[in-house]
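Coordinate inspection notes
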Amino acid sequence: MRADFTRLGLAMCVSLTALTAGSARAQEKQQEATTHTGETIGSKSAVQHAPAPSQPSGKASAVERLTVRGQKGATIASSATKSNTPLIETAQSVTVVTRNEMDIRGVLTLNQAIRYAAGITPDLRGGVGTRYDLFQLRGFTIPEFLDGLRLQDSPTGYAIAQIDTSRLERLEILKGPASALYGQSSPGGLVALQSKTPLDKASYGSVNATGGMFDLYRVDADMGGYATKDGSIRYRVYGTVNGQHTQLSRTGSRRFSISPTVSFGGNGPDTLTLIGNYQYDPEAGTYGGVPLEGSLKPAPFGGYLPRNFYDGDARFEKFNRKHGAFTYVYTHRFNNDWSFSTRGRYDDIKTQYRSVYNAGYWNADGMLPRYGFGTTEHTRNLAFDSGFHGKLRTGPFTHMLMAGFDYQQQWANETAGSSNAPDLNVFAPNYDMGIDPLETYARYKVNSHQVGVYGQDEIHWGGLILTGSIRNDWFRSRQIEYLSDSNTKQSPSQITWRAAGLYHFKFGLAPYISYATSFQPQTGAVSSDAGKTMAQASPSIGKQLEGGLKYQLPNTPLLLTVAGFHIEQTNVLVSEPGTVYSVQNGLVHSDGFEFEAHMDSWHNLTVDAAVSVQRVHDDSTGKPLIQSGRGNASLFGFYTLPKGRLKSLGFGAGMRYSASAYGGEASYGSANVPQYALFDASLRYDLANVSRNLKGWTVGASVRNLFDKRYVTNCLAYASYGQAFCYYGERRNAQANIGFAW
């Protein structure tokens, strides 16, 4: 199987390289564009001439310095270095998904957006649990950052933001540890999201209406322009109303969201962008699954449960989320080389949640035990990040310097309860039975904050680029549990760092190597002497060695990346059997190989190709890390006809393959989720080619899981508790849209 999978990946690599190399016209040198070191926030491409720096000889220079301030392309990313660095000069794996790619694939969620990236184990809750963005990167769950600031998780994982992807301009998947710049993070990496912000355009806008299977309805509106004649004040407002039934019976989701944005300063040295957002999700489907016996394996009574099987109770089911946020981004340019930027965000998230779940086993033929659960959680989060960016020359070396300070704080409280629920007869299900009232079993309050200082030096000498980053974090957390009358504290501090080297040859090849570390605070009691001395757990530590090759065909957006990596996560908590404490000697390691090819809208063609093979092992169990997959492969292409009677007709198709994954230990042994391959398709047409009166109108359609394959995406089996759950993947889901833009 592994050999066949590797041959598939190599065949995809060779085919794609031959396709793109045949149409490319390589040149000897790349054109250079100087981009301001402070991040430009969402302005349309505009050219600004600035005086050249004074010459050492004292002679006047007639050369003008060209500064391009605009939307970043798919070959530039800021997540790895907190600056607009070309990916070909970034010594770390980064995948960029642009707004154009999300539109042509009909992306509606983050889970859908990242499916064509290498190293992803997607849809951990299948096509059912869509209220959260659940996936793994290189075998680890990873955090999300919005506009450079972390979207903080709640302590127990219920009051968590879900950003509507239609309000995003782009997203970047940064692979591997990134704590040297971002503080507490996962060894697998992070996802950096960027909001739509005002463009450098006097007036613009669009309205799109979408409908589809499972009663999908969606209306998105986006408009903006100059608030003043000179464009020194600009605005943009995005909003959506949408809803859909899920693939389960009797459940659905609805969303209302609005995001107003205003920017001050135009193209001047001082810019201030204010971003507001309010999102209300009155309902968001369900979070349940199906027993392993009945989905991955036949049930005791024989056969399998249908993909629309619902294990809950329609009257009891509830999920209500309110998320308000305010963000500011301020940048001051001292000159062409030095700038200061600061940004901050306040998030307020309230979640009311209750549901009935199956117990993961069977009582009798066709009788499924269940229980009720509910929680009310409220989190308030603050995040700030400020830093100086500059360029310094010492002899033949150019230093791109950065030094910064960030701060995060969270206040959270939760009340949780559980109840009994009657067994469900799967042959004659009753979804409106009486559920016992919830009995409160936990009421807590948490106050935590993190302070971090960091610095980075990116040294350029010809084609050689050396990068060093270092950071120190101080994390503090206090949790009060009122019912058990407990009060626990932890205050770890941690130094993390990164070192990398890359050489960029003039013909486009760039080999690189990097080493990076990360840390994650943990909650739990640890003992080193059989329970006599108890202490709070120290953070888990991640470290990665990565090496690879990048190749960007000169003067094109085609980027090819090959990378190999080894990740270790140490200080992992391991439960001691028969006790209430843990020991901190767990070790998880992830080893793998990845290939990616990315080309966004070049010669009317967009291509994404990815292959990954990985092994994620948990030494404490001697098994793979639960939920981790063995790799993935994907290929998506979209082509727009440039001329002829069908000019502007775009069509594309994609294949995505997920290798088998480990789902834990069931009563019969290891639960292995089988591999699966799915197919997608997309169409798009500009109606202006039918009539001039239809200028600005477009229509499109897309379908996911084209052949409606039945498959399981993930399982969670715990033989010691006699429970095993699985999650069916997304069924065939087609949608069509019509839009008008001006």
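Residues numbered from 1 in each chain as written. Predicted model: local features only at pLDDT ≥ 70, side-chain atom pairs only at ≥ 80, totals over all residues. Heavy atoms only, no water.

Focus on the sheet that holds strand 41 (residues 712–718)
Spatially, the five strands line up as an open sheet ordered 18-42-41-37-38, and their pairing is mixed. Because the sheet does not close on itself, it has two edges, and the strands there are strand 18 (290–291) and strand 38 (669–673). Sheet analysis places strand 41 next to strand 42 (residues 723–728), joined by six bridges and oriented antiparallel. Counterpart to Val-712 in the pairing with strand 42 is Tyr-728. (Pairing = 2+ DSSP bridges. Helix = DSSP H or I, 4+ residues; strand = E, 2+ residues; numbered from the N terminus.)

As for the pattern of salt bridges
Scanning the model with the defined rule gives 28 salt bridges in all. A salt bridge links Glu-172 to Arg-170; the nearest nitrogen and oxygen atoms lie 3.0 Å apart. Arg-170 carries the same exposure label as Glu-172, and that label is buried. Asp-222 is the salt-bridge partner of Lys-196, the closest N and O atoms lying 3.8 Å from each other. Residue Lys-196 is located in the loop between strand 12 (189–195) and strand 13 (203–212), and its partner Asp-222 is located in strand 14 (residues 216–226); the two are separated by 26 residues in the primary sequence. What emerges from the salt-bridge pattern is a single network uniting Asp-164, Arg-218, Asp-220, Arg-255, Asp-281 and Arg-321. (Salt bridge = Lys/Arg side-chain N within 4 Å of Asp/Glu carboxyl O. Buried < 20%, exposed > 50% of the residue type's maximum accessible area, 1.4 Å probe, protein only.)

Remarks on a nonpolar patch on the surface
Taken together, Val-207, Val-219, Met-223, Tyr-235, Val-237, Ile-258, Tyr-278 and Trp-742 make up a surface patch of nonpolar side chains, about 670 Å² in accessible area. Those elements that provide at least two residues to the nonpolar patch are strand 14 and strand 15 (233–245). For Ile-258, the location among the structural elements is in strand 16 (residues 252–264). Accessibility expressed as a relative area gives 43% for Ile-258, which makes it partly exposed. (Patch = residues over 30% accessible without salt bridge, like charges linked within 9 Å, V, L, I, M, F, W, Y side chains within 5 Å. Areas by Shrake-Rupley, 256 points an atom, 1.4 Å probe, with all protein chains shown as cover.)

Comments concerning the pairing of strand 43 (residues 733–741)
Inspection of the sheet shows strand 13 paired to strand 43 by seven bridges, in the antiparallel sense. In the sheet register, Gly-212 faces strand 43, and the bridge partner there is Gln-735. Pairing analysis gives eight bridges linking strand 40 (residues 697–704) to strand 43, with the strands arranged antiparallel. Bridge pairing links Arg-704 to Asn-733 in strand 43.

Quick notes on the environment of Ala-159
Mapping Ala-159 onto the fold places it in the loop between strand 10 (149–150) and strand 11 (168–175). For Ala-159, a relative accessible area of 0% corresponds to the buried category. Ala-159 sits 221 residues away from Arg-380 along the chain, and the two C-alpha atoms are 9.7 Å apart. Discounting residues that sit within four places of it in the chain, Ala-159 has contacts with Ser-154, Ile-349, Thr-351, Glu-377 and Thr-379. (Contact = heavy atoms within 4.5 Å.)

Considerations on the sheet that holds strand 8 (residues 140–141)
Spatially, the three strands line up as an open sheet ordered 6-7-8, and their pairing is antiparallel. The sheet terminates laterally at strand 6 (120–121) and strand 8, the two strands that pair on one side only. As paired strands, strand 7 (residues 136–137) and strand 8 are joined by two bridges and run antiparallel to one another. Directly across from Leu-137, in strand 8, lies its bridge partner Phe-140.

The values are spatial; any link to function lies outside them.
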